[in-house]
Amino acid sequence: MAPSGDIPKHYDFAEVEARWQRTWRDEENYFDRSSGKPRYIIDTPPPYPTGNFHIGNALNWCYIDFIARYKRMQGYNVMFPQGWDCHGLPTEVKVEEIHGITKNDVSREEFRRMCRELTAKNIELMRATLRRLGFSVDWSNEYVTMRPEYFGKTQKSFLKMYHAGYIYQAEHPVNFCIRCETAIAFAEVTYQERETTLTTFLFDGVGIATTRPELLAACVAVAVHPEDERFAKLHGKRLTVPFFGQKVPVLKDAAVDPTFGTGAVMICTFGDKQDVHWWKEYNLPLRKAIDRRGRMTAVAGKFEGMTVAEARKAIVADMKKAGILRGEKKITQRVGTCWRCKTPIEILSERQWFIRVKHDEILKAAREVTWIPEHMRIRLENWVAQMEWDWCISRQRIFATPIPVWSCDACGELVLPSEDEIPIDPTLTRPKLPCPKCGGTKFTPEEDVLDTWMDSSISVLNVTGWDGSGTPPLFPAQLRPQGHDIIRTWACYTILRSVALTGQKPWDGILVNGMVLGEDGFKMSKSRGNIIQPEEILAKHGADAFRQWSASGAATGSDIMFNWNDVVAASRLQTKLWNIVRFILPKIGDEPPDEGRVTALADRWLLTHLSDTVAAVTAAMESYAFDQALKALREFAWDVLADEYIELAKGRLYSGGEERGSATAALSITLDALVRMLAPFLPHFAEECYHQLKGRPVHHEPWVKFEWKDDAARGQGDLLVRLVAELRNYKHDRGMALNAPFGRLTIYAGTGVEDAGDAARALNAEVSWSTEEPGLERRVRDVKFNMSVVGPALKGKAREFMDAVRKLPPGQLENPPASLVLKGCEVPVPAGAFAPDFSYAIGGKDVDVVTVGDVIVAVERAP
Ligand SMILES: [Zn+2]
Ligand SMILES: [Zn+2]
């Protein structure tokens with residue numbers, strides 16, 4: 001189809017992007033279950049529906065969309081599903097805020113309904129941003145984890161893993177957030193430096209230093225280093241805990257640091273992870289002094305009911321009163337905090353549900369997956385190596401997948417529903433049968449719910465078609481794209497669950513993207529005020545500019561700093577590309593991209609560069625190096641096509657000559673290939689151009705396969721391009737208009753070059769290529785002085801010096817003497833003071849000479 005001829009001068013991104021978004025149909029991106037093409041399934045991250053699709057999400061989705069679009073063009077049956085990871089505390093908190101209630105003011109079911117309602121609204125907002133960014137999401141494979149059809153699968157996976165011995169219930173020390181009032185997993189504990197007070201006091205006559213004096217009530221032992229002579233007499237003794245009176249043993253343990261505090265430490269249940277070690281190793285009793293809300297228990301005697309901070313203050317005051325306080329000093333300490341609310345975590349012994357962590361299984365599967373970049377695999381391996389505790393999967397919350405379990409009131413037996421009763425909420429439904437152990441009919445439902453990662457870690461099973469048993473039909477997926485901040489959670493848990501449920505790795509590869517930092521180089525946060533919303537960038541520069549920024553900002557896996565200048569540069573490239581297209585389209589008209597018609601040197605040269613670019617872009621796409629792909633496209637379009645080729649071949653395109661067809665065929669091939677390669681990055685722009693060019697959608701086209709091997713054209717074309725550039729500079733330097741008549745140029749290139757008259761037209765000159773030796777006659781026309789040398793060195797004698805130099809024989813102008821005699825005085829000749837200015841002639845005719853490498857051009861300027 002011929003281009004319309006009325007291509008707008010300016011590229012109006014807002015109009016174009018909105019128009020194509022209205023035109024494109026969702027069905028075009030659906031995964032086709034009946035297709036015979038190779039499949040490419042992406043385990044897209046399901047974002048948390050906050051209502052705000054932030055810039056970090058947008059970066060990750062750009063990567064996914066580049067891959068999805070590229071793979072479709074490469075002939076794959078692509079699934080780019082979109083999930084929503086709904087459950088969790090932030091939504092509960094938001095609901096409480098919006099409705100001005102606490103979760104205990106309404107029934108669990110009503111509270112859940114409010115959470116679902118808010119979540120549905122937020123998903124709607126985020127869907128709109130996804131569409132506005134031009135992502136080719138497969139909406140037929142959307143999933144929402146709060147819906148029964150999804151959380152039913154979470155529950156089925158629970159049953160399967162319970163029956164396979166992976167899941168168990170136990171009382172065990174767990175990380176507990178007293179603000180969120182729930183257990184959390186180790187993967188959700190983040191460490192922060194905090195200032196705290198180290199209190200030293202006399203413990204039954206022994207000096208002990210602690211940062212947690214309020215845990216005195218929970219003290220179960222004192223430990224010292226076995227070789228610490230200061231405490232040798234205490235070995236085997238029992239000490240009495242001040243204020244609380246329990247008798248505790250003194251243990252020798254090499255893990256005690258004799259240089260910290262007094263060298264003696266108290267072991268409490270539980271101050272930290274080390275306490276848990278000792279508690280297990282020495283089989284110590286359990287004293288629970290802190291409850292789930294962070295209040296002191298009855299074990300703490302008169303301090304019962306106080307918060308941790310209140311108890312600390314009161315106990316230190318009592319130590320002072322009792323005369324056993326020996327000192328207080330400020331120290332900094334690494335404190336484990338809740339990743340959501342930053343409250344310091346407590347280690348509480350709780351009845352919770354756990355998943356057994358089988359390190360070898362996880363590591364084996366992780367090594368079967370291709371990690372991009374490779375070093376991200378080490379992060380996972382390091383994390384797995386240090387996982388000492390099993391994964392605590394129960395949470396004391398409401399808006400989450402219910403744990404499908406009851407316990408028999410008579411005998412304590414745990415009763416699980418059968419798979420066909422799923423999805424189920426055990427607080428609303430009773431077991432169908434009496435207790436299998438004792439026949440009892442009274443049951444207590446499990447009120448704890450599942451960790452949100454229990455939902456999201458089966459996303460890959462869900463998208464590959466899992467119905468709750470066996471291995472899903474499309475398993476494993478081809479790619480998991482995700483951020484490096486959730487390797488220890490989402491990546492690790494997904495591998496664990498896939499191996500447990502299918503015995504296989506979840507995906508062929510995992511692509512890890514970096515974080516987006518603010519313009520100040522820091523992580524974006526409300527408190528820093530450095531957050532940029534994708535919507536703001538969309539309004540100013542459009543989706544394609546944003547996508548270009550994502551591609552070119554950094555190598556995949558690296559953090560990327562946001563910078564408005566980069567977005568502006570991206571939109572400039574779009575303008576440049578539009579101008580190229582607008583210039584080329586009317587010239588090529590209906591020309592078919594017929595390689596056989598390409599004969600002229602410059603055209604063949606263009607195609608060798610196009611061929612290189614196709615190879616470079618394809619290789620970059622295959623290795624997810626989007627920055628490299630876009631860089632190759634940009635350099636080809638801007639430098640090679642626009643600045644070099646079009647400048648050279650423009651004249652031929654305007655001429656009616658027979659070699660015009662060679663140029664139009666080359667341009668037709670080039671533009672078609674260029675637009676198709678731009679399509680994954682700039683889907684709107686490419687669609688607009690391709691419709692002008694071909695009258696059909698670009699996104700259904702195959703990926704470019706183009707090869708052009710032509711070493712002669714490469715070498716001679718490079719020379720031609722360089723010569724024309726140098727000679728244009730020559731004109732410019734001499735104040736000639738670029739289109740002014742130049743005169744006669746003889747190019748002594750050594751080999752015959754047939755340039756189809758391009759050099760002549762580009763330079764407005766009479767050009768002849770010669771294979772002969774130039775036979776130049778050279779003579780000195782004048783002397784050029786360097787006054788910045790001559791002036792300072794000779795001062796008042798400068799004029800005399802210059803006169804004397806002009807009288808020197810030509811040989812001495814090229815090789816100056818060491819000194820000159822001026823008025824009887826010998827004056828040294830400063831280095832670099834002058835040089836001969838040669839003039840040339842060929843066959844007696846004066847010419848100018850321009851040299852480019854070994855090539856000499858004789859210029860006989862027009863009069
Ligand atoms: Zn918390
Ligand atoms: Zn029973």
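Notes on the structure in this doc start here.

Thresholds applied
Residues numbered from 1 in each chain as written. Chains lettered and ligands numbered in written order. Predicted model: local features only at pLDDT ≥ 70, side-chain atom pairs only at ≥ 80, totals over all residues. Heavy atoms only, no water. Helix = DSSP H or I, 4+ residues; strand = E, 2+ residues; numbered from the N terminus. Rg over C-alpha atoms; globule rule 2.2 N^0.38 Å. Buried < 20%, exposed > 50% of the residue type's maximum accessible area, 1.4 Å probe, protein only. Contact = heavy atoms within 4.5 Å. Areas by Shrake-Rupley, 256 points an atom, 1.4 Å probe, with all protein chains shown as cover. Lys, Arg positive; Asp, Glu negative; His and termini not counted. Charge placed at Lys NZ, Arg CZ, Asp CG, Glu CD. Salt bridge = Lys/Arg side-chain N within 4 Å of Asp/Glu carboxyl O. Donors = N, O, S within 2.8 Å, 3.2 Å for Na, K, Ca; no water. Tetrahedral: all angles 85-135°; square planar, octahedral: opposite > 155°, others 65-115°. Core = buried A, V, L, I, M, F, W, Y, C linked by side-chain atoms within 4.5 Å. Pairing = 2+ DSSP bridges. Axes fitted to C-alpha atoms, helices over the stretch in contact; angles between N-to-C directions. 1 Å grid on protein atoms, 1.4 Å probe; cavity = no way out; pocket = protein on both sides within 12 Å on 5 of 7 lines; lining within 4 Å. Points joined across faces, edges and corners; volume = space filled by probe spheres on them. Polar contact = N/O pair within 3.5 Å; in protein donor to acceptor, adjacent residues only side chain to side chain. Phe/Tyr/Trp six-rings, centres within 6.5 Å; stacked < 30°, edge-to-face > 60°. Lys NZ or Arg CZ within 6 Å of the ring centre and 35° of its normal. Nonpolar A, V, L, I, M, F, W, Y, C, P; charged D, E, K, R; others polar.

A tally of regular secondary structure across the protein chain gives 24 helices and 33 strands. Rg of the C-alpha trace for the protein chain: 39 Å, well past the compact-globule value of 29 Å for 863 residues, more than 25% over. Across its three principal axes, the protein chain shows a C-alpha extent of roughly 120 × 80 × 45 Å. In the protein chain, which comprises 863 residues, the share counted as buried stands at 55%. Taking contacts inside the protein chain between residues at least 6 apart in sequence as the whole, the part at least 24 apart equals 76%. A total accessible area of about 37,400 Å² is found for the protein chain, and carbon and sulfur atoms account for 50% of it. The positive charge centre, built from 108 side chains, and the negative charge centre, built from 114, are 5 Å apart in the protein chain.

So, about the pattern of salt bridges. This structure, assessed with the given rule, holds 59 salt bridges. Its salt-bridge partner being Arg 25, residue Glu 27 comes within 3.3 Å of it at the nearest N-O pair. A salt bridge links Glu 860 to Arg 744, with the nearest nitrogen and oxygen atoms 4.0 Å apart. Taken together, the positions of Glu 860 in strand β33 (residues 855-861) and Arg 744 in strand β26 (residues 743-748) put the pair 116 residues apart, joining distant regions of the chain. Glu 860 gets classed as buried once you look at its relative accessible area, which sits at 19%. The exposure class of Arg 744 is partly exposed, given its relative accessible area of 39%. Beyond isolated ion pairs, a larger network of salt bridges with shared partners links Glu 109, Arg 112, Arg 116 and Asp 425.

A few words now on the coordination of the zinc ion (ligand 1). Donor atoms from the polypeptide that bind the zinc ion (ligand 1) are Cys 177 (SG), Cys 180 (SG), Cys 338 (SG) and Cys 341 (SG), placed at 2.2 to 2.4 Å. Coordination at the zinc ion (ligand 1) comes from 4 donor atoms whose angles at the metal span 101 to 119°, giving a geometry best classed as tetrahedral. The sequence motif formed by the donor residues of the zinc ion (ligand 1) is C-x2-C-x157-C-x2-C. You can see Cys 180 sitting in the loop between β5 (167-177) and β6 (182-184) and its partner Cys 338 sitting in strand β13 (residues 325-338), a full 158 residues away along the chain.

Time to look at the nonpolar core. Residues Phe 562, Tyr 645 and Phe 681 are the most contacted members of the largest nonpolar core, which totals 146 residues. The residues touching Phe 562, leaving out its near neighbours within four places in the chain, are Ile 55, Val 516, Leu 517, Gly 518, Glu 519, Met 524, Ile 532, Ile 537, Trp 549 and Val 567. Of all hydrophobic cores here, the second largest spans 85 residues; its members include Cys 177, Ala 366, Val 415 and Ile 487.

Next up on the list: the coordination of the zinc ion (ligand 2). For the zinc ion (ligand 2), the full set of protein donor atoms is Cys 408 (SG), Cys 411 (SG), Cys 435 (SG) and Cys 438 (SG), and the range of their distances to it is 2.2 to 2.3 Å. Around the zinc ion (ligand 2), the 4 donor atoms are arranged such that angles at the metal cover 102 to 114°; this shape is classified as tetrahedral. Of note, the donors binding the zinc ion (ligand 2) are all from one chain and are spaced C-x2-C-x23-C-x2-C. Judged by relative accessible area, which is 4%, Cys 435 ranks as buried. Judged by its relative accessible area of 40%, Cys 438 is partly exposed.

Read from one edge to the other, the open sheet built from 3 strands follows the order β8-β7-β13, with strand pairing classed as antiparallel. Since the sheet does not close on itself, it has two edges, and those belong to β8 (206-210) and β13, each with one partner. Taken pair by pair, the neighbouring strands of this sheet meet at an average axis angle of 20°, ignoring direction. As judged from the 13 bridges shared by strand β7 (residues 189-203) and β13, these two strands associate in the antiparallel manner. Pairing of Thr 190 across the sheet is with Thr 337, part of β13. Its contacts with the sheet place helix α7 (residues 308-321) against β7 and β13, and it is angled at close to 165° to β13.

Following the sequence through the fold, Glu 281 ends up in helix α6 (residues 273-281). It is 48 Å that separates the C-alpha atoms of Glu 281 and Ile 531, two residues lying 250 residues apart in sequence.

This next bit is on the sheet that holds strand β15 (residues 370-372). Taken together, 3 strands build an open sheet; the order of strands is β15-β23-β22 and the sheet is parallel. In this open sheet, the two strands that pair with only one neighbour each are β15 and β22 (477-483). Taken over all neighbouring pairs, the strand axes of this sheet differ in orientation by 15° on average, direction set aside. Direction of pairing for β15 relative to strand β23 (residues 507-513): parallel, over a ladder of 3 bridges. Directly across from Thr 370, in β23, lies its bridge partner Gly 509. Contacting β15, β22 and β23, helix α12 (residues 487-502) crosses the sheet at an angle of about 160° to β22.

Counted according to the given criterion, the structure contains 1 cavity of 30 Å³ or more. Counted as a void, the largest cavity has a volume near 170 Å³. Along its surface, the largest cavity is lined by 19 residues, and Leu 89, Arg 340, Arg 395, Arg 397 and Thr 452 are the ones closest to its centre. Only α3 (89-99), β6 and β21 (449-450) provide two or more residues apiece to the lining of the largest cavity. Element by element, the count of residues in the lining of the largest cavity is highest for β6, at 3 residues.

The element strand β14 (residues 346-355) is extensively covered by neighbouring structure, given that 9 of its 10 residues are classed as buried. Here β5 pairs with β14 via 10 bridges, running antiparallel. In the strand pairing of β14, Val 174 is matched with Leu 348. One ladder, built from 2 bridges, connects β14 with strand β16 (residues 391-392); its direction is antiparallel. Each residue of the ladder has a partner; that of Ile 355, found in β16, is Trp 391.

A cis amide bond links Thr 269 with the next residue in sequence, Phe 270, at an omega value of 0°. Along the polypeptide, Phe 270 turns up in the loop between β12 (264-268) and α6. Of the consecutive residues Phe 475 and Pro 476, the connecting peptide bond is found in the cis state with omega at -10°. Mapped onto the fold, Pro 476 is located in the loop between α11 (459-463) and β22. Residues other than glycine seldom take positive phi values, yet Glu 181 does so here, at roughly 55°. For Glu 181, the location among the structural elements is in the loop between β5 and β6. A residue is classified by how much of its surface remains accessible, and Glu 181, at 32% relative accessible area, is partly exposed.

Quick look at the side chain of Asn 77 now. The topology assignment puts Asn 77 in strand β2 (residues 77-79). There is a polar contact of 2.7 Å between the side chain of Asn 77 and the backbone oxygen of Asp 32. Setting aside anything within four residues of it in sequence, one finds Asn 77 in contact with Phe 31, Asp 32, Ser 35, Lys 37, Pro 38, Arg 39 and Tyr 40.

So, about the packing of aromatic side chains. Inspection of every chain in the model, using the stated rule, returns 30 aromatic pairs. On the numbers, 5.0 Å between centres and 85° between planes, the contact of Phe 270 with Trp 279 is edge-to-face. Through pairs of rings, three or more aromatic residues link up here, namely Tyr 63, Phe 66, Tyr 624, Phe 626 and Phe 681. Above the face of the Trp 490 ring, Arg 480 is positioned so that its terminal group lies 3.1 Å from the ring centre.

Each pocket or cavity is described by its volume, and for the second largest pocket that value is around 1,200 Å³. Surrounding the second largest pocket, 39 residues form its lining, Thr 211, Arg 212, Gly 271, Asp 272 and Gln 333 being those nearest its centre. At the level of secondary structure, the elements contributing two or more residues to the lining of the second largest pocket comprise β7, β8, β12, α6, α7, β13 and β14. Looking at the lining of the second largest pocket, the element that brings in the most residues is β7, giving 6 residues. Class assignment of the residues belonging to the lining of the second largest pocket gives a composition of 20 nonpolar, 9 polar and 10 charged.

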